[in-house]
Amino acid sequence: MAHEHSHPHPHQPDLEETPLTHYQAMTEAVGQLLIEKGIISGEELRAVLEQIDSKSPVAGARMVARAWLDDDFKARMLADVNKAAEEMGIDAGTIPIRAVENTVGVHNVIVCTLCSCYPRNLIGLPPDWYKARSYRSRTVREPRTVLTEFGTAIPDDVEVRVHDSTADLRYMVLPARPAGSEGLDEAALADLVTRDCMIGVTLPKSPGA
């Protein structure tokens, strides 16, 4: 796969270039069967899909901002993201989510090597590049190179840890609080948090940027 190294990231998504996977075909078939059996209507299915499509990174950003301000909440979030989300009135879904914290010595990045498992309720829909074969394969093999292509240079003395999300366990990054954000309230801090920094490919915005 040497050709993958010669292309700048993110690579063109490959989803439309391949036939439906077994699970995609099963999902479509189950949806059609539920409608045919009268269990749900096409309008109800459309409404559910619309709700999924409307998810944004706002909920996750709120949790990160709270963790930056409240060490006790951060400890609870690192222990159980789903329960911590409940404290804030956020529905994180039923699939367990684990938060991994960026520190002075560790930078975390999330990938799903098999498909696109991802905590949608907290950080919105996965971007196309997250689902692309090049990101899924290269992030495991050469994470520093991929991060550099996103404009994120990680010092050599900082360990880069790659976490592989699955159907049974999702990950989100708790990024380090940016310098210069002292004195900002929770809402202002949440504005510094982006989807990509909760995946780990970028860092939070600097105050005033």
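See the structure above.
This structure is a prediction, so every number in the text was calculated from the model and none was measured. Sequence positions are assigned chain by chain, starting from 1 and proceeding in written order. Only residues with pLDDT of at least 70 get local features here, since the model is predicted, and only at 80 or more are side-chain atom pairs given and counted; chain-wide, interface and lining totals rely on the full set of residues. Excluded from the side-chain calculations are hydrogens and water; all other atoms, namely the structure's heavy atoms, are used.

Trainee: Help me out: how do you make sense of the overall build of the protein in this one?
Mentor: Secondary structure is summarised from DSSP: a helix means a run of H or I of at least four residues, a strand means a run of E of at least two, and numbering begins at the N terminus for each. Looking only at helices and strands, the protein has twelve helices and four strands in total. Contacts: residue pairs with any heavy atoms within 4.5 Å of one another. When contacts within the protein are restricted to residue pairs at least 6 apart in sequence, those whose partners lie at least 24 apart make up 69%.

Trainee: Help me understand the pairing of strand 4 (residues 170–174) in this model?
Mentor: In regular strands, side chains alternate between the two faces of the sheet. Partly exposed describes any residue whose relative accessible area lies between the buried limit of under 20% and the exposed limit of over 50%, with all areas from a 1.4 Å probe on protein chains only and scaled to the type maximum. Judged by how many residues are buried, strand 4 sits mostly within the fold: five of five residues are covered. Side chains Arg170, Met172 and Leu174 project from strand 4 onto one buried face, and the interleaved Tyr171 and Val173 project onto a second face that is buried too. Each pair of strands is called paired provided DSSP finds at least two bridges between the two strands. Note that strand 1 (residues 97–101) and strand 4 share five bridges and pair parallel. Each residue of the ladder has a partner; that of alanine 99, found in strand 4, is methionine 172.

Trainee: Explanation requested: the pattern of salt bridges in the structure shown.
Mentor: Throughout this description, the term salt bridge denotes a Lys or Arg side-chain nitrogen within 4 Å of a carboxyl oxygen of Asp or Glu. In this structure the tally under the stated criterion is eight salt bridges. Note that arginine 66 and glutamate 186 form a salt bridge whose closest N and O atoms lie 2.7 Å from each other. Taken together, the residues arginine 66 in helix 4 (residues 58–69) and glutamate 186 in helix 11 (residues 186–190) connect sequence positions 120 residues apart. Judged by its relative accessible area of 23%, glutamate 186 falls in the partly exposed class. Two residues, glutamate 142 and arginine 138, come together in a salt bridge whose shortest N-O distance is 2.6 Å. Of the two residues, glutamate 142 and arginine 138, neither departs from the other in class, the shared state being buried. The network of salt bridges with shared partners includes Arg138, Glu142 and Glu149.

Trainee: Is there a simple way to explain the layout of surface pockets in this structure?
Mentor: Take a probe with the size of a water molecule and roll it over the atoms, and the empty space left behind shows itself. With a 1 Å grid laid over protein atoms only, a set of points is called a cavity when a 1.4 Å probe fits there but cannot get out and a pocket when it is open yet has protein on both sides within 12 Å along at least five of seven lines; lining residues have an atom within 4 Å of a point. Grid points are joined across faces, edges and corners, and a volume is the space filled by probe spheres set on the points. The computed volume of the second largest pocket comes to approximately 270 Å³. If you go around the second largest pocket, you meet 15 residues; those closest to its centre are Asn102, Thr103, His107, Ala176 and Leu203.

Trainee: Even after reading the chapter, I still don't get the side chain of asparagine 102, so can you show me in this structure?
Mentor: On the secondary structure map, asparagine 102 appears in the loop between strand 1 and strand 2 (106–111). For asparagine 102, a relative accessible area of 8% corresponds to the buried category. The definition of a polar contact used here is a pair of N or O atoms within 3.5 Å, where within protein one atom must be able to donate a hydrogen and the other to accept one, and adjacent residues in sequence count solely through side-chain atom pairs. For asparagine 102, the side chain forms a polar contact with the side chain of histidine 107, separated by 3.4 Å. The residues touching asparagine 102, leaving out its near neighbours within four places in the chain, are His107, Asn108, Val173, Leu174, Pro175 and Ala176.

Trainee: Explain helix 4 to me, please; I cannot follow it from the model alone.
Mentor: For an α-helix, 3.6 residues make a turn, and residues three or four places apart therefore share a direction. Given a helix with a known number of residues, its expected span is that number minus one, times 1.5 Å. Counted at 1.5 Å a residue, the expected span for helix 4 with its twelve residues is 16 Å, and the 17 Å between its end C-alpha atoms agrees. Every buried residue of helix 4 is accounted for by Ala59, Gly60, Ala61, Met63, Val64, Ala65, Ala67 and Trp68. Where helix 4 is buried, its residues contact helix 5 (71–79), helix 6 (81–87), helix 7 (120–123), strand 4, helix 11 and helix 12 (195–199).

Trainee: Whenever I open this one, the environment of alanine 179 confuses me. Can you help?
Mentor: Looking at the element boundaries, alanine 179 is found in the loop between strand 4 and helix 11. Separated by 25 residues in the primary sequence, alanine 179 and proline 204 place their C-alpha atoms 10.0 Å from one another.

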